[in-house]
Protein chains: 4
Amino acid sequence: MTVRFGVIGTGAIGQEHIRRVEKRLSGGKVVAVTDISLDAARHCIEALELDAQLCDSEDEILQDSSVDAVIVTSWGPAHEGSVLKAIAAGKYVFVEKPLATTVDGCLRIVEAEARMGKRLVQVGFMRRYDASYVTLKREIESGRYGAPLMVRCVHRNACVDHRYTTDMAVLDTLIHELDVTRWLLGDDYTCVQVLYPKTTRHAPSGLQDPQIFNLVTQSGVVITAEVFVNCQYGYDIQCEVVCEDGVVSLASPQAVDIRHAGLHAQPVMQDWRFRFSDAYDAELQDFIDHVARGAEPSGPSSFDGYVATMVGQACVSAQGRDEWVTISVQKDLTIGFIRNNGNQRE
Amino acid sequence: MTVRFGVIGTGAIGQEHIRRVEKRLSGGKVVAVTDISLDAARHCIEALELDAQLCDSEDEILQDSSVDAVIVTSWGPAHEGSVLKAIAAGKYVFVEKPLATTVDGCLRIVEAEARMGKRLVQVGFMRRYDASYVTLKREIESGRYGAPLMVRCVHRNACVDHRYTTDMAVLDTLIHELDVTRWLLGDDYTCVQVLYPKTTRHAPSGLQDPQIFNLVTQSGVVITAEVFVNCQYGYDIQCEVVCEDGVVSLASPQAVDIRHAGLHAQPVMQDWRFRFSDAYDAELQDFIDHVARGAEPSGPSSFDGYVATMVGQACVSAQGRDEWVTISVQKDLTIGFIRNNGNQRE
Amino acid sequence: MTVRFGVIGTGAIGQEHIRRVEKRLSGGKVVAVTDISLDAARHCIEALELDAQLCDSEDEILQDSSVDAVIVTSWGPAHEGSVLKAIAAGKYVFVEKPLATTVDGCLRIVEAEARMGKRLVQVGFMRRYDASYVTLKREIESGRYGAPLMVRCVHRNACVDHRYTTDMAVLDTLIHELDVTRWLLGDDYTCVQVLYPKTTRHAPSGLQDPQIFNLVTQSGVVITAEVFVNCQYGYDIQCEVVCEDGVVSLASPQAVDIRHAGLHAQPVMQDWRFRFSDAYDAELQDFIDHVARGAEPSGPSSFDGYVATMVGQACVSAQGRDEWVTISVQKDLTIGFIRNNGNQRE
Amino acid sequence: MTVRFGVIGTGAIGQEHIRRVEKRLSGGKVVAVTDISLDAARHCIEALELDAQLCDSEDEILQDSSVDAVIVTSWGPAHEGSVLKAIAAGKYVFVEKPLATTVDGCLRIVEAEARMGKRLVQVGFMRRYDASYVTLKREIESGRYGAPLMVRCVHRNACVDHRYTTDMAVLDTLIHELDVTRWLLGDDYTCVQVLYPKTTRHAPSGLQDPQIFNLVTQSGVVITAEVFVNCQYGYDIQCEVVCEDGVVSLASPQAVDIRHAGLHAQPVMQDWRFRFSDAYDAELQDFIDHVARGAEPSGPSSFDGYVATMVGQACVSAQGRDEWVTISVQKDLTIGFIRNNGNQRE
Ligand SMILES: [Mg+2]
Ligand SMILES: [Mg+2]
Ligand SMILES: [Mg+2]
Ligand SMILES: [Mg+2]
């Protein structure tokens, strides 16, 4: 069965997902499109030469019986409403992060989905589909290196523009580390502290950059996560898991190795899109594959989306304070059929 | 337009390409299948749950107007016949290497295609689609490092079985280096010499392993290519281009970096399928994309397939002799519309 | 002029320094030796075939006009007394870390030396002589990478025995990072916090291992220093300085690169002696060179020894507490001729 | 006992060895100096503040009973005469490469030394003392990787001046690989072939650069050695030994690792002096240590010096020809007490 998609939101990321479905992945097809700006949606249909219907509203898409699943790529504050309506309509939903911008909004989605008795929602945390992270998780779970004790994450971007704010370092940037580290460890956070080093002269006025986040998990793992979004030299994602018997890290993706002008060098990626390009493909292909055979999605769940938002809020509230902030996951939410994949250790 | 494929040959590589078209790529569909063993073809249709017709012969496929293009994945000696018939039928052909097992066979294909006045054939030299090789070529062509002077290729496999023979080191193994180096340099070979080092104790009886191939190009580049198919430690492809102002090499693909048991280590891939998995996807997607929009394929051409077979034969004839063997490409073949992509330097 | 050394303390490190002076370095000679155990001293003279006098006490050495300089390699609590006597006798002193075990003891030494109006003391912080650290400092000071913002130190040992205690993680281990980071940055610490991750099962009972030390400097650099002394896989010293325009790190010292058994690997050093062997030679040769030409030593000063002990005490007092501990250097000590090399930024 | 040195030849390398003995190593002293230019010798004594006698001739040095050993650092053609006279005088000799510029000259030295019944001569092939090569040899000899099958050497210099000629690529450059590879393998060469790739535009007029040397050993190992002395990017020495069960290579010496301006980079050494600085110290210290205790030197012998010159001549005669040139070592020379260290496999 070909999965027929409706797309809600045709901005940059929406168009990327449409192109992915139409030009690179197998088993999906975009049949309906809408956007807060109908002109934008119309233009998208034309530019991408889609054989898809222009819909006036998300409601029109959600009531269309020829739509099997929706992709929600509108701006963050609109996610909750669209996802709730999609669940009510019994449609599968692939929603870009954040699941919702408020913890309560996330909880409403988790509960709505639970009432449906079926997983419908997948959140766009693509790193869980990155080959390096997958190998890293497999190595840790092999038991060969003993229990994890510490994790070091680094998230560096070459630069950001003046609209980037200090809390975006959590909600737009660190959020990926918050999700993927929890998934790697199968463990939940208990508290967070934020350190503010000297700010780079390259930071737009008012932005604290870099920032260091120290997190502790239930089993006592300490995570040190650096966010530095004006590092100048490129896009650089690092993750090192220090275990009792060894240390396992992401390798840096490298295409070539150059000896030139006094240096032995490997070019650093400049753009995050390249770094996780395969992972973006893989997450959506996996969603399509599950939906196509009538199975529940198995990627990041609404519960994972809730945890990310909730932990993110705790990190934001820890910014600019010199104290540890407590984090507590509502574990009872996970009862029943809403599995948060691989993160339970009972 | 969806490209409707007929597949001739449902062995391992045939099934892989079918799975690729059906499960991972966009814009293609397998509609007809045949094999020298009809049972094998029938079993393939069932195992992969294809919505495809079982055909008694390749002729049946080639006469079927609902087939736009064929994938030829039969055994080597059968390639020539299938490709010639496909050209005669005006079908696009994606043929696994070798294009044909004889130089004359290859020439017949090039000429047949030339008579059609249109490129129809793409040969499965997937390395030209590998991101590392593509970056390597781009770096060389940037001019930043001056003219290439030497190339060092290494092709190592963990092990081979007792059916692997000394000439297969050229025809099954080195053939990839022969194609991709020529493509990287945009240059043609003029002569080859083979050195036989001491043989590893791991080589099956009668097999010369390792072997070293020295090739010289028209512009004077010396290529040293090692083939070592019982290296034990893994699958390892290296390519280093030494230029006047710098050296550019393929980086080793690495997912993780491990510190354990006294070593700082990166796992080496064990299987060639993993190493070029993305390249296999990319070559076929590119073929589909061109055919879908009615364009000629732009990947490795029948002329490239001819050169590979011709140079491969020269390498085989140089094996076991202590002399240089001359190689001469029939350049006049390249006139007209049969471009051999990027390899001309007029 | 050959520098004639008296050695106070002939334990393992004492014997190493003697061997260094006698067998590997130029311009020095051991002429007198003592130890708390005269038998040990006598045995040392015989074993190393020294042409040196066995002295009953350090006083005998210090009153000997044929002794130009002393090497103090007794146990830590005895350092202060020996160094003070050496200063009073006007002898040059190379003293192993710690300068003294108490902050007050260090201050007494700094003041005694100041009263002499001349630098006499060099403390054995050998990392300042390590080629990698020296290059790292030169790169940072080039200005090419802008101001330092964060430093990440890692100090891992394969294992320790049951006598190693939680405070030794500071006083025996971290102490090197405390000195060398301050020297790298030319900056002083203002506060420290210690995090206790989950303890490895390999830690002897009662030992907290690993530990994470967060330090802040006057200019706002945040230093994250991991001490993990049962990491199992080897001896691993890392130091990464994140600056505004780039990141500079120590490279791992590697002799060979091995592809074997599925891994591409570099052996990790197992013993700290190997790692800093050249630095130990260089620090003592530098001391000899200065003394030989009647110049003041230019290596780590008594002031540097005082800072290390004082900051170390602050780190120990921060262990097991969940708070930042303030550190304040007595800057007025640095007036006059006692330079603390390169660490002033006025 | 302090080894009292006479130095014959006070050019750049002579002064370096003098400084080494006087300022960095233990157990040696320069007591007499001469040079073809007495002014140069006098200036050297003054500049280095040596407490050494200025001698009118090498004969004066060699007849001086207060001289224990000589360092021969005159220009190549003068080596034979000095070494023969030193042997006749019963002095130990440390001679820079080449032992002699002719094969016959080398043979005369080997025979003279054999007649003395004692090893007196050590040749300055310092790479045998380099920690990386030593580790490489130890790994190969561990047997862990099986028998060596192929070796790949790379010798690249940033640039040379217009006086550098094509045969110097062998006699000044490749000569180090010729010695150290034979020592690594404990095997002797049987034939050599030289390939001339396209020449870099950076080569001075008339110079063939790069060159590739293919050598075969008695046990069948094939060595591919690239000499490229205008590679522009730096000084780069590589050596990779491909064995039956694994590959062992020299690691690149790296002090720091830099992420800057779009690159992840390690600076490449620019000067060969830095690369083997420790090895130069170690070879001379080892010579001093042996002589000081009345033992024969154990470093590269006159026989090794003979082989290097003889193989080097064969390589030169193979340049510019398209043929294999046979190499045959006069093995009978090795009888008796003149051991060529570790290279015999009977
Ligand atoms: Mg996503
Ligand atoms: Mg293929
Ligand atoms: Mg020391
Ligand atoms: Mg030398």
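The model shown is predicted, which means the values in this text are computed figures rather than measured ones.

K.L.:
Help me understand the overall build of chain A, please; the structure alone is not making it clear to me.
P.N.:
When you go through chain A residue by residue, the secondary structure sums to 10 helices and 15 strands. The C-alpha atoms of chain A give a radius of gyration of 20 Å, which matches the 20 Å a tight globule of 346 residues would have. Seen through its C-alpha atoms, chain A measures out along the principal axes to roughly 55 × 55 × 40 Å. Split into buried and exposed, the 346 residues of chain A put 63% on the buried side. Within chain A, contacts between residues at least 6 apart in sequence are counted, and of these 73% link residues at least 24 apart. With an accessible surface of roughly 12,300 Å², chain A has 51% of that area assigned to carbon and sulfur atoms.

K.L.:
Even after reading the chapter, I still don't get the relation of the copies chain D and chain C, so can you show me in this structure?
P.N.:
The relation between the two chain copies is a rotation about an axis coupled with a shift along that axis. Expressed as a screw operation, the relation of chain D to chain C combines 0.0 Å of axial shift with a rotation of 180°, fitting to an RMSD of 0.0 Å. With respect to symmetry, the two chain copies, as superposed, fit the operation of a two-fold axis. Interface overlap between copies: 100% of the residues of chain D at the interface are likewise at the interface in chain C, consistent with a symmetric, same-surface contact.

K.L.:
Is there a simple way to think about the environment of Ala12(D) in this case?
P.N.:
One can find Ala12(D) in helix 1 (residues 12-24). Counting along the chain gives 262 residues from Ala12(D) to Phe274(D), while the straight-line C-alpha distance between them is 15 Å.

K.L.:
I would appreciate a short explanation of the environment of Ser219(A) in the present structure.
P.N.:
Residues and elements named next belong to chain A. Position of Ser-219 relative to the elements: it lies in the loop between strand 9 (211-217) and strand 10 (222-228). When its relative accessible area of 22% is taken as the criterion, Ser-219 is described as partly exposed. Here the alpha-carbon distance between Ser-219 and Ile-36, two residues 183 residues apart in the chain, equals 45 Å. Looking at Ser-219, its side chain comes within polar contact range of the side chain of Asp-187, at 2.7 Å.

K.L.:
I'm lost on the side chain of Ser132(D) in this one. Help?
P.N.:
Note on placement: Ser132(D) falls in helix 6 (residues 131-141). We classify Ser132(D) as buried; its relative accessible area is 10%. Residues contacting Ser132(D), with those up to four places away along its chain left out, are Gln254(C), Ala255(C), Val256(C), Leu250(D), Ala251(D) and Arg275(D).

K.L.:
Before we go on, may I ask you to explain the interface of chain D and chain C in this structure?
P.N.:
When the parts come together, some accessible area is lost, and that loss is often what is quoted as the size of the interface. Chain D puts 28 residues into the contact, and the matching count from chain C is 28 residues. When chain D packs against chain C, close to 2,100 Å² is buried across both sides, 51% of that on carbon and sulfur atoms. Its largest share of buried area at the contact with chain C, chain D owes to Ala255(D), Val256(D) and His260(D), together 21% of the area lost on that side. Elements with a contribution of two residues or more to the side of chain D that touches chain C: helix 1, helix 6, strand 12 (246-250), strand 13 (256-260) and helix 9 (277-292) of chain D. Across the side of chain D that touches chain C, the residue classes tally to 11 nonpolar, eight polar and nine charged. Judged from the five bridges that link them, strand 12 (residues 246-250) of chain C and strand 13 of chain D form a sheet pairing that is antiparallel. What sits directly across from Val248(C), in strand 13 of chain D, is Ile258(D).

K.L.:
Would you take a moment to explain the coordination of the magnesium ion (ligand 4) for this structure?
P.N.:
Each angle at a metal carrying four tetrahedral donors should ideally be 109.5 degrees, and each at a metal carrying six octahedral donors should ideally be 90 or 180 degrees. Residue and element names in this part refer to chain D. For the magnesium ion (ligand 4), the full set of protein donor atoms is Glu-96 (OE) and Glu-283 (OE), at a range of 2.5 to 2.6 Å. Highlighted residues: Glu-96 in the loop between strand 5 (92-95) and helix 5 (103-116) and Glu-283 in helix 9, separated in sequence by 187 residues. The buried category is assigned to Glu-96, whose relative accessible area is 8%. A relative accessible area of 0% places Glu-283 in the buried class.

K.L.:
Explain the interface of chain C and chain A here, please?
P.N.:
Of the residues lining the interface, 39 residues belong to chain C; the matching set on chain A comes to 39 residues. If you sort the residues of chain C by the area they bury against chain A, Met150(C), Lys198(C) and Glu244(C) come out on top, with a joint share of 21%. Inspection of the chain C/chain A interface yields eight salt bridges. Glu244(C) serves as the salt-bridge partner of Arg201(A), at 3.1 Å between the closest nitrogen and oxygen. Summed over the shared surface of chain C and chain A, the number is 11 residue pairs in polar contact (both at pLDDT 80 or more).

K.L.:
What is the right way to look at the relation of the copies chain C and chain A in this model?
P.N.:
After a rotation of 180° and a shift along the axis of 0.0 Å, chain C superposes on chain A with an RMSD of 0.0 Å. Both copies contact each other with a shared surface, as 100% of the interface residues of chain C are interface residues in chain A too.

K.L.:
When you look at the sheet that holds strand 5 of chain D in this model, what are you seeing that I'm missing?
P.N.:
The strands making up a sheet associate through hydrogen bonds between their backbones, and the pairing can be parallel or antiparallel. Pairing within the open sheet is parallel, and its six strands lie in the order 3-2-1-4-5-6 (chain D). The open sheet has two edge strands with one neighbour each: strand 3 (53-54) and strand 6 (121-123) of chain D.

K.L.:
When you look at the pairing of strand 9 of chain A in this model, what are you seeing that I'm missing?
P.N.:
Along any regular strand the residues' side chains alternate between the sheet's two faces. All names here are of chain A. The element strand 9 is largely enclosed, with a buried count of seven among its seven residues. The side-chain alternation of strand 9 yields two buried faces, one formed by Gln-211, Phe-213, Leu-215 and Thr-217 and the other by Ile-212, Asn-214 and Val-216. As paired strands, strand 8 (residues 189-195) and strand 9 are joined by six bridges and run antiparallel to one another. Note on strand 9: the bridge partner recorded for Cys-191 is Val-216. Note that strand 9 and strand 10 share six bridges and pair antiparallel. If you follow Val-216 over to strand 10, its bridge partner there is Val-222. What sits between the antiparallel neighbours strand 9 and strand 10 is a turn of four residues, in which Gly-220 has the positive phi angle 95°.

K.L.:
Please explain the packing of helix 6 (residues 131-141) of chain C against helix 7 (residues 168-185) of chain C as it appears in this structure.
P.N.:
All names here are of chain C. Taken N-terminus to C-terminus, the directions of helix 6 and helix 7 make an angle of 30°; their axes are 9 Å apart at the nearest point. In terms of orientation, helix 6 lies roughly parallel with respect to helix 7. Residue-level inspection shows Tyr-133, Val-134, Leu-136, Lys-137 and Ile-140 of helix 6 in contact with helix 7, the latter providing Val-180, Trp-183 and Leu-184. Looking at the contact of helix 6 with helix 7, its residues break down into seven nonpolar, no polar and one charged.

K.L.:
Just checking my understanding: could you explain the UniProt feature "domain: Gfo/Idh/MocA-like oxidoreductase N-terminal" (unreviewed entry) in chain A for this structure?
P.N.:
Following the UniProt record, one finds the feature "domain: Gfo/Idh/MocA-like oxidoreductase N-terminal" (unreviewed entry) at residues 3-125 of chain A. Span residues 3-125 of chain A is 46% helix and 21% strand, its end C-alpha atoms 21 Å apart.

K.L.:
In this structure, what is going on with helix 1 (residues 12-24) of chain B? I would like to understand it.
P.N.:
For helix 1 of chain B, with 13 residues, the first-to-last C-alpha span of 17 Å sits near the 18 Å given by 1.5 Å per residue. Residues of helix 1 of chain B that are buried include every one of Gly14(B), Glu16(B), His17(B), Ile18(B), Arg20(B) and Val21(B), and no others.

K.L.:
What's the story with the packing of aromatic side chains in this structure? I'm lost.
P.N.:
How two aromatic rings sit relative to each other is set out by the distance from centre to centre and by the angle between their planes. All told, the structure shown has 19 aromatic pairs over all chains when counted by the stated rule. Every member of this aromatic cluster is reached through a ring pair, and the members are Phe5(A), Phe94(A) and Phe287(A). Here the basic side chain of Arg275(D) rests over the ring of Phe276(D), its NZ or CZ set 4.4 Å away from the ring centre.

K.L.:
Would you take a moment to explain the pairing of strand 5 (residues 92-95) of chain C for this structure?
P.N.:
All names here are of chain C. Residue alternation in strand 5 divides its side chains into two sets, Tyr-92 and Phe-94 and Val-93 and Val-95, and both sets are buried. Bridge analysis of strand 4 (residues 69-72) against strand 5 gives four bridges, and the strand direction is parallel. Paired with Ile-71 across the strands is Phe-94, a residue of strand 5. A crossover links strand 4 with its parallel partner strand 5, the connecting element being helix 4 (residues 76-88), and its sense is right-handed. Sheet analysis places strand 5 next to strand 6 (residues 121-123), joined by three bridges and oriented parallel. Residue pairing in the sheet places Val-95 in a bridge with Val-123 of strand 6. The handedness of the strand 5 to strand 6 crossover, carried by helix 5 (residues 103-116), is right-handed.

Reading the values: the criteria
- Residues numbered from 1 in each chain as written.
- Chains lettered and ligands numbered in written order.
- Predicted model: local features only at pLDDT ≥ 70, side-chain atom pairs only at ≥ 80, totals over all residues.
- Heavy atoms only, no water.
- Helix = DSSP H or I, 4+ residues; strand = E, 2+ residues; numbered from the N terminus.
- Rg over C-alpha atoms; globule rule 2.2 N^0.38 Å.
- Buried < 20%, exposed > 50% of the residue type's maximum accessible area, 1.4 Å probe, protein only.
- Contact = heavy atoms within 4.5 Å.
- Areas by Shrake-Rupley, 256 points an atom, 1.4 Å probe, with all protein chains shown as cover.
- Least-squares fit on C-alpha atoms with pLDDT ≥ 70 in both.
- Polar contact = N/O pair within 3.5 Å; in protein donor to acceptor, adjacent residues only side chain to side chain.
- Buried area = accessible area lost by both parts, 1.4 Å probe.
- Nonpolar A, V, L, I, M, F, W, Y, C, P; charged D, E, K, R; others polar.
- Pairing = 2+ DSSP bridges.
- Donors = N, O, S within 2.8 Å, 3.2 Å for Na, K, Ca; no water.
- Salt bridge = Lys/Arg side-chain N within 4 Å of Asp/Glu carboxyl O.
- Axes fitted to C-alpha atoms, helices over the stretch in contact; angles between N-to-C directions.
- Parallel < 35°, antiparallel > 145°, perpendicular 65-115°, else oblique.
- UniProt positions renumbered as here; feature names shortened; annotations may be inferred.
- Expected span 1.5 Å × (residues − 1).
- Phe/Tyr/Trp six-rings, centres within 6.5 Å; stacked < 30°, edge-to-face > 60°.
- Lys NZ or Arg CZ within 6 Å of the ring centre and 35° of its normal.
- Right-handed = clockwise from strand over helix to strand, strands pointing away.

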